Amino acid sequence: MAEFDEYESLPTSNSTTHMIAGSMAGILEHCVMYPIDSVKTRLQSLVSANRSLGSVLVTMIRDEGAMRPLRGIGATVAGAGPAHALYFAAYEKLKVGFTSTGSAHHNYLAQGAAASAATVLHDGIMTPAEVVKQRLQMYNSPFRSMTECAIKVYRSEGLSAFYRSYGTQLAMNVPFQCVHFIVYEAMQNATNPERTYNPMGHVVSGGVSGALAAALTTPLDVCKTLLNTQEAEVLQRAQKTQISGFFNAAKMVYRLGGVGGFFQGLQARVLFQVPSTAICWSVYEFFKYFLTKNGLSDGGDGDKVTYEKQDTRMSGGSGRK
């Protein structure tokens, strides 16, 4: 009698699996790669004299202490958990909902649309956390803690300060996530067509998809960093009290850094995203598999998503019931 692998047959009526797996993936992804993210933020500074990932990291540790690259990590954890939980749950639900016939794994239009919609929800939570995180990451940051930063920014700039870069964040993350998810799904179709739990396949697919998406969207990330940090020296040079809007940020980046200014931190961004997305997908797929295998997200036998309408098995017989 055939034994069915339930890994790719998760209940649509129960998004708990996707939310738990997504939350764990988001927290671990951002925590493991946080020091590189801190360096990336410094490299994207329009007034930074350092242009090497290694030199910035060494300087941070030497001049500001060994723990300086981790400053602001609390804001990331607070945002990444709920943001990724909502993101993956929405993506998994929507990519199937947008697929009228056949397999959602092969419907790249549905995947892109689902990723775009899920990004709007994700960034609504993550953008304020990014503002606090990046202000704590900057050189000579006047803030000592996540709470102090959030309170002072609110008092001096208002609630809108936390969403000043939301439009730019979406302009960056919608194409980023479309490329990211479509490339990931395409690589899984090519290297893991049966969609079994394949840790190495998830790592490779996640890393490659993250690298391509990161490289293509770096100019938007530079503009987002400027909008989030509102660096004092940049504002002084521009003779402004604040910079608002993507086009104003883009003009300022070009004015101070030329075309090359849009690609500041490219190496750090790609180096951050390759392991970051590899970690994210491998952790997400593991928890999705683990929770399903152990019946921790039992939704009954009724409304099930069958991404691949075939009898697929775990390689080597693992994960069978």
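Residues numbered from 1 in each chain as written. Predicted model: local features only at pLDDT ≥ 70, side-chain atom pairs only at ≥ 80, totals over all residues. Heavy atoms only, no water.

Undergrad: Got a sec to walk through the overall build of the chain? Specific residues and values, please.
TA: Counting secondary structure elements, the chain contains 11 helices and zero strands. Helices (α) and strands (β) of the chain occur, in sequence order from the N terminus, as α-α-α-α-α-α-α-α-α-α-α. Counting the 321 residues in the chain, one finds 53% classified as buried. Long-range pairs, those at least 24 residues apart, make up 77% of the contacts in the chain with a sequence separation of at least 6. (Helix = DSSP H or I, 4+ residues; strand = E, 2+ residues; numbered from the N terminus. Buried < 20%, exposed > 50% of the residue type's maximum accessible area, 1.4 Å probe, protein only. Contact = heavy atoms within 4.5 Å.)

Undergrad: Help me get a handle on the packing of aromatic side chains, residues and values and all.
TA: Taken as a whole, this structure holds 15 aromatic pairs when the rule is applied. A ring pair is formed by Phe88 and Trp281, whose centres lie 5.6 Å apart and whose planes are at 90°; its orientation type is edge-to-face. One end of the pair, Phe88, is in helix α4 (residues 73-97); the other, Trp281, is in helix α11 (residues 266-293), and 193 residues separate them in sequence. The buried category is assigned to Phe88, whose relative accessible area is 2%. (Phe/Tyr/Trp six-rings, centres within 6.5 Å; stacked < 30°, edge-to-face > 60°.)

Undergrad: Break down α4 for me, citing the residues and quoting the values.
TA: With 25 residues, α4 extends 35 Å from end C-alpha to end C-alpha; this agrees with the ideal 36 Å at 1.5 Å per step. Maximum bend of α4: about 30°, positioned at Ala80, with proline Pro82 one to four residues after it. (Expected span 1.5 Å × (residues − 1). Bend = angle between axes of the 7 residues up to and from the residue.)

Undergrad: Got a sec to walk through the nonpolar core? Specific residues and values, please.
TA: Of all hydrophobic cores here, the largest spans 26 residues; its most connected members are Phe88 and Phe181. Elements that contribute at least two residues to this core include exactly α1 (16-32), α2 (34-43), α3 (53-64), α4, α5 (108-137), α7 (166-191) and α11. Among the elements that make up this core, the one with the highest residue count is α11 (eight residues). Counting 13 residues, the second largest nonpolar core, distinct from the first, contains Val222, Leu227, Met252 and Val253. (Core = buried A, V, L, I, M, F, W, Y, C linked by side-chain atoms within 4.5 Å.)

Undergrad: Please set out the side chain of Thr217 residue by residue, giving values where relevant.
TA: Along the chain, Thr217 falls in helix α8 (residues 199-229). Filtering out sequence-adjacent residues up to four positions away, Thr217 remains in contact with Met172, Pro175, Phe176 and Arg269.

Undergrad: Provide a residue-level description of α2, including the pertinent values.
TA: With nine of its 10 residues buried, α2 lies for the most part within the structure. Of the positions making up α2, those classed as buried are Tyr34, Ile36, Asp37, Ser38, Val39, Lys40, Thr41, Arg42 and Leu43. On its buried face, α2 sits against α1, α3, α4, α5, α8 and α11.

Undergrad: Help me get a handle on unusual backbone geometry, residues and values and all.
TA: With phi around 55°, Arg195 is a residue other than glycine that occupies positive phi space. Following the sequence through the fold, Arg195 ends up in the loop between α7 and α8.

Undergrad: Before we move on, can you summarise the pattern of salt bridges with the specific residues and values?
TA: If you walk through the whole model with that rule in mind, you get 19 salt bridges. The shortest N-O distance in the salt bridge between Lys224 and Asp221 comes to 3.2 Å. With Lys224 and Asp221 both in helix α8, this residue pair falls three residues apart, about one helical turn. Residue Lys224 is classed as buried on the basis of its relative accessible area of 4%. On the basis of relative accessible area, Asp221 is assigned to the buried category, the value being 1%. Among the charged side chains, a salt-bridge network with shared partners connects Asp37, Lys40, Glu130, Lys133, Asp221, Lys224 and Arg269. (Salt bridge = Lys/Arg side-chain N within 4 Å of Asp/Glu carboxyl O.)

Undergrad: Before we move on, can you summarise the packing of α4 against α5 with the specific residues and values?
TA: For the pair α4 and α5, interaxial distance at closest approach is 8 Å and the crossing angle is 170°. Judged by the inter-axis angle, α4 sits roughly antiparallel to α5. Considering only residue class, the contact of α4 with α5 consists of 19 nonpolar, six polar and two charged. (Axes fitted to C-alpha atoms, helices over the stretch in contact; angles between N-to-C directions. Parallel < 35°, antiparallel > 145°, perpendicular 65-115°, else oblique. Nonpolar A, V, L, I, M, F, W, Y, C, P; charged D, E, K, R; others polar.)

Undergrad: Break down a nonpolar patch on the surface for me, with residues and values.
TA: The grouping of Met200, Val203, Val204, Val208 and Leu212 at the surface amounts to a nonpolar patch, some 400 Å² of accessible area in total. Topologically, Leu212 is positioned in helix α8. (Patch = residues over 30% accessible without salt bridge, like charges linked within 9 Å, V, L, I, M, F, W, Y side chains within 5 Å. Areas by Shrake-Rupley, 256 points an atom, 1.4 Å probe, with all protein chains shown as cover.)

Undergrad: Quick rundown of the packing of α5 against α8? Include the residues and the values.
TA: Where α5 meets α8, the closest approach of the two axes is 9 Å, and the angle between their N-to-C directions is 80°. One finds that α5 runs roughly perpendicular with respect to α8. Between α5 and α8, the residues in contact are Glu130, Val131, Gln134 and Arg135 and Lys224, Thr225, Asn228 and Thr229, respectively. Residue composition of the contact of α5 with α8, by class: one nonpolar, four polar and three charged.

Undergrad: Before we move on, could you go through the environment of Tyr91 and cite the residues and values that matter?
TA: Structurally, Tyr91 can be placed in helix α4. On the basis of relative accessible area, Tyr91 is assigned to the buried category, the value being 1%. Considering only alpha carbons, one finds Tyr91 and Ser116, 25 residues apart in sequence, at a separation of 8.7 Å. Residues within four places of Tyr91 in sequence aside, it is in contact with Gln111, Ala114, Ala115, Ala118, Phe181 and Glu185.

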